[in-house]
Amino acid sequence: MTVLDESLPELDSHTVEFLEDPNQLLGRGPGDRIAVARGRVGKEFFGYETVGEIFRDDRLQPRSPQFYIDKGVEGGPILDYLVDGNLSLTWPENHDRLRPLLMKGFRPNRIKEARENIRGIVRGVVEAIPDDGQLDLVTEMSHHISIRSIATFIGIPVEDVPQFEHATVELRLLGQEPFWPGVPRLETALETVREYSERIVELRRTTPQADLISDLIAERDRGGDEAISEAEIVWNVAGILLAGHDTTRYQIASLIRSVADNNLWQELRSDRSLIPAAVLESQRLHPATPRQVRVAHEDLTVDGVELHEGDVITMNMSGAGRDPAFFTDPDVMRLDRENRFDIGFGYGFRYCLGFAVAKAELEITLDELLDRYSDVQIGDVAIEPTGVIAGPAHIHATFSR
Ligand code: HEM
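Since this is a predicted model, take the numbers as computed values, not measurements. (Residues numbered from 1 in each chain as written. Predicted model: local features only at pLDDT ≥ 70, side-chain atom pairs only at ≥ 80, totals over all residues.)

Attention shifts here to the site of the ligand. Taken together, 24 residues are adjacent to the ligand, and Ala243, Gly244, Gly346, Cys352 and Gly354 come closest. For the shell around the ligand, the secondary structure elements donating two or more residues are helix 6 (92-104), helix 12 (230-261) and helix 16 (355-372). Ranked by residues supplied to the shell around the ligand, first place goes to helix 12 with 6 residues. Counted by class, the shell around the ligand contains 11 nonpolar, 11 polar and 2 charged residues. (Near = placed C-beta within 6 Å. Helix = DSSP H or I, 4+ residues; strand = E, 2+ residues; numbered from the N terminus. Nonpolar A, V, L, I, M, F, W, Y, C, P; charged D, E, K, R; others polar.)

In a beta sheet, neighbouring strands pair by backbone hydrogen bonds and run either parallel or antiparallel. The strand order across the open sheet formed by 3 strands is 4-10-9, and the pairing between neighbours is antiparallel. Strands with a single pairing partner mark the edges of an open sheet, and in this sheet they are strand 4 (134-136) and strand 9 (375-384). Across this sheet, the average inter-strand angle for adjacent strands is 15°, counted without regard to direction. Note: strand 9 against strand 10 (residues 391-400), 8 bridges, orientation antiparallel. Its bridge partner lying in strand 10, valine 376 is registered against phenylalanine 399. Across the sheet, helix 12 is in contact with strand 9 and strand 10; its angle to strand 10 comes to roughly 50°. (Pairing = 2+ DSSP bridges. Axes fitted to C-alpha atoms, helices over the stretch in contact; angles between N-to-C directions. Contact = placed C-beta atoms within 7 Å.)

What follows concerns helix 12. Relative to the 46 Å expected for 32 residues at 1.5 Å per residue, helix 12 spans 47 Å between its end C-alpha atoms, a close match to the ideal helical length. Taking burial as the measure, the 32 residues of helix 12 include 29 buried ones, the bulk of the element. (Expected span 1.5 Å × (residues − 1). Buried ≥ 20, exposed ≤ 12 C-beta atoms within 10 Å, placed from the backbone.)

The next thing to look at is helix 8 (residues 138-154). Since one α-helical turn is 3.6 residues long, residues separated by three or four positions face the same way. Between its first and last C-alpha, helix 8 extends 22 Å over 17 residues, near the 24 Å set by a 1.5 Å rise per residue. Of all 17 residues in helix 8, 14 are buried; the element is thus mostly enclosed. Phi for glycine 155, located one or two positions after helix 8, is positive at around 115°.

With that out of the way, let us pick up the pairing of strand 10. With 3 bridges connecting them, strand 4 and strand 10 associate as antiparallel partners. Note that in strand 10 the partner of leucine 135 across the bridge is alanine 397.

Looking now at unusual backbone geometry. Trans is the prevailing form of peptide bonds, just as negative phi is the prevailing case for residues other than glycine. With omega at 0°, the peptide bond leading from glutamate 177 into proline 178 counts as cis. Along the polypeptide, proline 178 turns up in the loop between helix 9 (165-170) and helix 10 (183-206). One non-glycine residue, aspartate 329, lies in the positive phi region at around 45°. Its place among the elements puts aspartate 329 in the loop between helix 15 (317-321) and helix 16. For aspartate 329, a count of 9 C-beta atoms within 10 Å translates into the label exposed.

Written out as structure tokens, the structure is:
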């Protein structure tokens, strides 16, 4: 059956209400739940299996710089970054050339080494929690863990982090709808990250290390522009900092919140083998990337809805994670689920490059906190709802020994 556009309900998922409780707006029963609606960015799909199908369908591709050119972006740092340094959004031929090069930087021995470094970074941050146990999980904890971990991973000294840590958080404005109000802040942030990146790339050229930046310089020395251009090295440092900072910053804080909200602290404390299940569940309940956008490259039908070549659509990961047709007790964190939320890091040739780093940060943070504290209480929570990357602005928490 083909559903006509006018028959689709309008639904704005870029709200706190939606992110906190999608089924309040979509419907709680598997039979009477909204499966697709007209959203801020095209038709928006909310079913878990449908979102999985969209990820797997080659006829639906991520956006490219064209999406932003069509919005009126004519040049400057936004276009430079999109083309030269944003693996998700660059032209497909750039993506396919650069992804294998970048992937080498995420090889198993690097991840093993990263886990050890992340443990040290997490300990430093957790040991700074005040004696009364009160803090904001986002600005005082996950912010520092995520930026220090990703910076160290790619070859940036932790002491340099204050030079760009506020700018990397601003880069999420790229995925915000409406887009134009955030552009001045986005351009300033991009300039800050680019200037820093130019300096560190120059430094690594003269003093190479075993890190991602030095790897990229070596690839260029071997293959020249056909492998990777100078601008691509500089802008990809910005790209990795964006992809690796805000995402884990949100997810680590949401993980602690979900564990506390669901009274699972004690169970996890006594059985650490359940930590990966808690991480997966936190991605299902509060995904740091609550929506992904795709463009149709030919006419097709998805979940009974006709799409035309050039149509832009949204996969709603928050809605998919709470799909009652796939997950029993969809609003509850359960550590014994058989159906796993396996799309939190995307799929296939677009699968998240940093998933192992992100998982390490999440698992190690929870483990270190469980070691030190016998309980945690959650206080005030504020959510920043817009964008492809979205999550908590702050989560006040109190840990007790
Ligand atoms: C909890 C944290 C994270 C989440 C939820 C997340 C989620 C995602 C998702 C869903 C995609 C696929 C986008 C698409 O299909 O269009 C993706 C891609 C990507 N992620 Fe992550 N990510 C996280 C952390 C990281 C980290 C730590 C890094 C860097 C070290 C990173 C680097 C990337 C890159 C480079 C891509 C683009 C891959 C490509 O297009 O080939 N991510 N991420």
